[in-house]
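These are the residues of each chain, in order.
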Amino acid sequence: MRYVSTRGAAPVLTFEEAMMTGLARDGGLYVPETIPQMTGEEIAALAGQSYEAAAYAVMRPFIGDTFSDDEFRRLIDAAYAGFGHAARAPLKQLAPNHFLLELFHGPTLAFKDFAMQLIGQMFQAALTRSGKQITIVGATSGDTGSAAIEAFKGLDNVDVFILFPHGRVSEVQRRQMTTPTEANVHALAVDGDFDDCQARLKDMFNDFDFRDEVGLAGVNSINWGRVLAQVVYYFTAAVSLGAPHRKVSFTVPTGNFGDIFAGYIAKRMGLSIDRLVIATNQNDILHRTMETGAQVKEGVTPSISPSMDIQVSSNFERALFEAYDRDGAVVAAQMDELKDKGAFTISQGAIDMLRENFDSGRVSEKETLGRIKAELTRSGELLCPHSAVGVKVADDHQGATPMITLATAHPAKFPDAVEQASGIRPVLPDRMADLFERKERVTRVANDLGALETLIRENRTT
Ligand SMILES: *Cc1c(COP(=O)(O)O)cnc(C)c1O
């Protein structure tokens, strides 16, 4: 299996190379050259299997000879061993024909653990083999940073530095980043906002001397390895509701389009998915794109579902590549237009293809709070604000096909908004109940490239 760039002008890579590289050199994103197919029989055979067994069956065709069969099985087992639920991704019923896929039983209580835990294992195995050492640097508004730290803490050959905006992440998110005791973990509180953190990260990748010196690597949401790990739970959920003999639809609270694009891959592999519904908060660039056929940047307004507060949806480029029949030159031209003018218009043929696969909806702040309260009455479930955005849009799109909404975070990760909506302060699961007593370790740093690079050089353990 080989990987090609969505802009058509970067080297073709193996799975291992695509995973370690992240962004392609032509600015594009890596996607598999062909999408592996699963037959109805192979899909039916997933029923009743463990999450790990299903994960192996679904992902194996994508990884080529990067890992042997046995090694890949071991990596998957290790990745999900720390989850707090035996089913890993349990399905709950909310209402007739409406189900909630709980993706928050991982170590940091958000769905990002599904991909990040596996990536951590795969990076470690590949690095042990090559003898290379790397420095992972990430910028976060909260969930990605904590998931990356949990995944890479204590691993050999890797240091992980996470930049977060000082004073602008929730206390649970901050403590998840600052309380791990492993020496290779470094939480950096930057005097700036999230955009500053992201800009300094980009500066570091563009400083080629520094990049080579420390072996800089990234694990942000455009990494193909992350998308792939997320394909699995679409299969396990659909099969438990009767696939391949019955169709299901999914609603996905989304920002960077990574999670929902994984659903599209599952559909292309042969899973019986009817609709994939994009759910956005007030930062609705994706919903507007689907409605109007034009993608127009409008700036970000902070919301109570902060992990979906985005201005540019990076993984949407992968969907565009499919919509344009894999014509990288056209995708590159549209992405240049977005960068230069802040907008581009999708061709009629391409927007028709997108609308054949995706629906969309947008939820206001008031509606999000209202949905949290109403869901408590309807089913007794306490939803996090991101999941509430999903459930509201799913209700608006409910038809005869069973609907599965992805619950992307545990309510206790966003206790203030949940309490404001419902009057109930959600409590952390037992296994992390002492989070507020653990000792914090964090370095405050100026919003300055030189200061950050010096700090990273001096504090690497590898
Ligand atoms: C990251 C995140 C999202 C958005 O996921 P995308 O892959 O960017 O679409 C939604 N909800 C939560 C809780 C998240 O952490």
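Residues numbered from 1 in each chain as written. Predicted model: local features only at pLDDT ≥ 70, side-chain atom pairs only at ≥ 80, totals over all residues. Heavy atoms only, no water.

**Student:** Mind showing me how you'd approach the site of the ligand here?
**Tutor:** The immediate surroundings of the ligand are formed by 15 residues, with K112, D143, T254, N256 and T408 found nearest. At 2.6 Å from an oxygen atom of the ligand is found a side-chain nitrogen or oxygen belonging to D143. At a separation of 3.0 Å, an oxygen atom of the ligand approaches a polar backbone atom of G255. Its residues assigned to classes, the shell around the ligand shows 5 nonpolar, 7 polar and 3 charged. (Near = heavy atom within 4 Å. Polar contact = N/O pair within 3.5 Å; in protein donor to acceptor, adjacent residues only side chain to side chain. Nonpolar A, V, L, I, M, F, W, Y, C, P; charged D, E, K, R; others polar.)

**Student:** Can you help me understand the pattern of salt bridges in this one?
**Tutor:** Note on pairing: side chains with opposite charge can pair once their charged atoms come close. Enumeration over the complete set of coordinates arrives at 31 salt bridges. The salt bridge involving R371 is made with D395; its shortest N-O contact spans 3.3 Å. Residue R371 is found in helix 16 (residues 365-378), and its partner D395 is found in helix 17 (residues 385-397); the two are separated by 24 residues along the sequence. For R371, a relative accessible area of 13% translates into the label buried. The closest approach of N and O atoms between E419 and R425, which form a salt bridge, is 2.8 Å. Taken together, the salt bridges that share partners define one network made up of E171, R174, R175 and E440. (Salt bridge = Lys/Arg side-chain N within 4 Å of Asp/Glu carboxyl O. Helix = DSSP H or I, 4+ residues; strand = E, 2+ residues; numbered from the N terminus. Buried < 20%, exposed > 50% of the residue type's maximum accessible area, 1.4 Å probe, protein only.)

**Student:** What should I look at first to understand the sheet that holds strand 5 (residues 134-139) in this one?
**Tutor:** In a beta sheet, neighbouring strands pair by backbone hydrogen bonds and run either parallel or antiparallel. Across the sheet, which stays open at both edges, the 5 strands sit in the order 8-5-6-7-15 with parallel pairing between neighbours. Both outer strands of the open sheet, strand 8 (216-217) and strand 15 (443-445), are each paired with one neighbouring strand and no more. Relative to strand 15, strand 7 (residues 185-190) runs parallel, the two sharing 3 bridges. Bridging from a neighbouring strand, A189 pairs with R444 of strand 15. The strands that helix 19 (residues 449-459) touches are strand 5, strand 6 (158-165), strand 7 and strand 15; relative to strand 6, the one it contacts most, it runs at about 150°. (Pairing = 2+ DSSP bridges. Contact = heavy atoms within 4.5 Å. Axes fitted to C-alpha atoms, helices over the stretch in contact; angles between N-to-C directions.)

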